[in-house]
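# Analysis of the macromolecular model
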Amino acid sequence: MLVNTKNKLIIALITLLSVLSIVGLKSVHAGPARQSLDIKSVKIDFDTPIDLDVFIELQKNHKFKQQILEGEFTYDGTPIHDFYIINESNKIQDIKSEYIKSRKGLITDTNKNNPSSKNGEIPTFDNITLTNVTLIGEGKSVEAIKKDISNKNIKVKNLNEKDLGEIKPKDKVAPKKVPTPDESQMESVTSAAVVPSIPMSGTSYFYTSSAGGRYVQQNMTWPSVSFGADQTYEHDVFLYNYDRKTYLNGASIAYPGCFPTTTYAATSWPSESKPYLDTRFSDSLSFCEIDELSYTIGAAQANAIKANTNYYTYIRTAIGNDTADKFKVQAQIGHRTPSGCYTTWCSFGDASYNLVPAWSTVVPGTLSWQYGQSIPNAPSNVSITDPTANSLRVNFTDNASNETNIYVERKTGTGGTWVSLASFGTLTGTGNWYWINSSLASNTTYCYRLKATNSSGSSPYSNEACGTTTGSSTRSEVITDDKSSYFTKGGSYWWEASIGYNSHMFWTYVNGSSVSSWGENFN
Amino acid sequence: MHIKLSGGNYEVYVYVPNNYATTANAKYTVYYNGGSTVRSINQNNYYNAWVSIGTYNFTSGTTKRIRLTDATGETNYNLRVGFDAVKFTPR
């Protein structure tokens, strides 16, 4: 998954039910009905690959929002793992002939981009077998087909299930504290960054597919591989809907689900790497991503990837904007939890690296890239919070994954002179960080700015942000928590015991422009 | 034991929890000595953090409060508004 998911919502829903039924809250359901969805996803690994015809018979009596069928074949000596997607909103009349057409399209498209390919004869693909399938639909449909598979005596090696009703639209990632800064060697660049296990070079292709629609092909090579046994790798391609015209406006019936539907995908990563496809379908059941569209193929068992091998991922969408997109490519290293689960929803990202900087402008077209051969992106979102009488907290976003050092500079008062203050070395990947600057004078304003550097040079400076330390005061600080009698609330709301200040917080859903739930604090 | 505010200037902080706080437009209304003002916070940007919504003058004995509602103007009803503690720091 591109986002980490936590299981707290299900706890909250259970909590909610018990609150409403046991405590009998006088909550009124003034807002629109907000029910959780009974949508399940199940990934079934077959003990031995089953014939596509057998599965077509199996699935035709059931209704699913999406089915991902996975198979394997070899072309020109290269083993290929592929994904064929059937969407409810994009009804396919003849699954087999469309699957065959997609495979032939893959070979025609990739042959154009792989000059070293021997361009062997395209197979007929008369016999397609499936190694596994992922089915997304109502709980009862998932249960029914599981029963049918069992009744047909089809042996299942592995079965992983996920309740998509619990998936949240967006999860937060905690900012990390920077390592102890080195204040002694301000102007010298510290030792070179440890090279992460990511592809260091590759080529991106965005073109019209011979099988219809548009394809995104990403070639990549790892110079060295050092993944742990439970580590995952994700190759994430983001398209930025630059003109906001062609798709993703949330209203067009041409793009059900708000974005061009993925119809077929493939990768030449070894099957032992357990490739998975993230169509983002699960995240987008009820809302549109207007600005950004992502294509992801992941390797759940990343240590099966080999060094010095030219691999590719390929994703074809039904329709695509091919006039004004921009794109970026990220490598994401993560881990499996639990380690025996090899699905997209068991893969959690730990660090991301920008392989192609945002937002490059060659769509449609071809772009060759090399990792880390440019000056780093500047840090941003600098803000100063948590003032005390002698310290300030400096928050910032590290936008570069190729920096060797990040410097922070400070001036006293808004009119002071900038002075180099500290350096943090390499901060892994990109993300949000903070640093506590202590030993400051009370009741004094300080301003901060940051820059990132590497052997190619220095980024521009970040924004500047100022904060003021507190003075001494005879009045006390006062905190009122949502559990206190000075805190009142109304409408429909829920609470969670294990998080928030004082281990308790409450929450409600947004409600457009009219108030139906609220909380307030008196003092 | 709850302590009532003594009169004076206070910087008001709201606590944004690490979960259930995904609205980009949490509108906090501060009722202070002489009026009220609305400050919007993108709750996605904070993770178990005190967030300042400004410094205001509060008088002893008069009504003062901080109010947060679900009317964020957003139409994605999957987003949530997280309510939690409020802190008043003398300034």
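Here the structure is a predicted model, which means the values were calculated and not measured. (Residues numbered from 1 in each chain as written. Chains lettered and ligands numbered in written order. Predicted model: local features only at pLDDT ≥ 70, side-chain atom pairs only at ≥ 80, totals over all residues.)

Now for the overall build of chain A. Along the backbone of chain A there are four helices and 29 strands. Across the 523 residues in chain A, those meeting the buried criterion constitute 40%. Within chain A, residue pairs in contact and separated by at least 24 positions form 76% of the contacts whose partners lie at least 6 positions apart. (Helix = DSSP H or I, 4+ residues; strand = E, 2+ residues; numbered from the N terminus. Buried ≥ 20, exposed ≤ 12 C-beta atoms within 10 Å, placed from the backbone. Contact = placed C-beta atoms within 7 Å.)

The next subject is the overall build of chain B. Helix and strand counts for chain B come out as zero helices and seven strands. Starting at the N terminus and walking to the C terminus, you meet the elements of chain B as β-β-β-β-β-β-β. Evaluated residue by residue, chain B yields a buried proportion of 45% over its 91 residues. Put simply, 74% of the contacts in chain B that link residues at least 6 apart link residues at least 24 apart.

With that settled, the discussion passes to the nonpolar core. Most often, soluble globular proteins keep nonpolar side chains buried together rather than apart. With 67 residues, the main nonpolar core has F83(A) and A265(A) as its most contacted residues. The biggest single contributor to this core is strand β3 (residues 78–87) of chain A, with five residues. Summarising the domain contributions, this core has at least three residues from each of domain 1 (44–115 + 122–163) and domain 2 (201–370) of chain A. Beyond its immediate stretch of four places on either side in the chain, F83(A) contacts I68(A), E70(A), Y264(A), A265(A), A266(A) and L277(A). In terms of nonpolar packing, the next biggest core, distinct from the first, is built from 39 residues, I479(A), Y493(A), Y10(B) and F58(B) among them. (Core = buried A, V, L, I, M, F, W, Y, C linked by C-beta atoms within 7 Å. Domains from an automatic or database assignment.)

What follows is about the sheet that holds strand β7 (residues 201–208) of chain A. All names here are of chain A. In spatial order, the strands read β5-β1-β4-β2-β3-β10-β13-β8-β7-β16; together these 10 strands make up an open sheet with antiparallel pairing. The open sheet has two free edges, formed respectively by β5 (156–163) and β16 (365–370), since each of these has just one partner strand. For this sheet the average axis-to-axis angle between neighbouring strands, irrespective of direction, equals 15°. With respect to the sheet, helix α2 (residues 52–59) is in contact with β1 (39–51), β2 (66–75) and β4 (129–138), its orientation differing from that of β1 by roughly 150°. Here helix α4 (residues 139–151) sits on the sheet and contacts β1, β4 and β5; the angle it forms with β4, its principal contact strand, is near 150°. (Pairing = 2+ DSSP bridges. Axes fitted to C-alpha atoms, helices over the stretch in contact; angles between N-to-C directions.)

This part covers the interface of chain B and chain A. Chain B puts 44 residues into the contact, and the matching count from chain A is 50 residues. Among the secondary structure elements, those contributing two or more residues to the side of chain B that touches chain A are β1 (8–16), β4 (49–58), β5 (65–69), β6 (80–83) and β7 (86–90) of chain B. Considering only residue class, the side of chain B that touches chain A consists of 18 nonpolar, 17 polar and nine charged. As defined by bridge partners, strand β25 (residues 478–480) of chain A adjoins β7(B) across three bridges and the pair is classed as antiparallel. When the bridges of β7(B) are listed, T480(A) appears paired with V86(B). (Nonpolar A, V, L, I, M, F, W, Y, C, P; charged D, E, K, R; others polar.)

The next point concerns the confidence of the model for chain A. Residue and element names in this part refer to chain A. The share of residues in chain A with pLDDT of 70 or more is 76%, and the mean pLDDT across the chain is 79. Note that pLDDT drops below 50 for residues 184–193; the model gives that stretch 13 contacts with residues more than four away or on any other chain. Confidence drops under a pLDDT of 50 for residues 281–288, and excluding neighbours within four residues, the segment shows 21 contacts in the predicted structure. (pLDDT = per-residue confidence, 0-100.)

The next thing to look at is the pairing of β7(B). In the sheet, β1(B) pairs with β7(B) via five bridges, with the strands oriented antiparallel. Pairing of Y13(B) across the sheet is with K87(B), part of β7(B).

What follows covers the confidence of the model for chain B. Residue and element names in this part refer to chain B. Per-residue confidence for chain B averages 85 on the pLDDT scale, and 92% of its residues sit at or above 70. Ranking the elements of chain B by mean pLDDT puts β7 last, at 88, and strand β2 (residues 26–32) first, at 92. Interface confidence in the predicted complex, given as ipTM, is 0.91; pTM for the same model is 0.58.

All names here are of chain A. Geometrically, the link from T337 to P338 is a cis peptide bond, its omega value of -10° lying close to zero. Within the fold, P338 resides in the loop between β14 (326–336) and β15 (347–360). Positive phi, close to 55°, is recorded for N381, a residue that is not glycine.

All names here are of chain A. As for its position among the elements, W418 is in the loop between β19 (405–412) and β20 (419–423). What makes W418 partly exposed here is the crowd of 13 C-beta atoms within 10 Å. Residues W418 and V408 lie 10 residues apart in sequence; the distance between their C-alpha atoms is 9.9 Å. Setting aside residues no more than four positions away along its own chain, W418 makes contact with E409 and K411.

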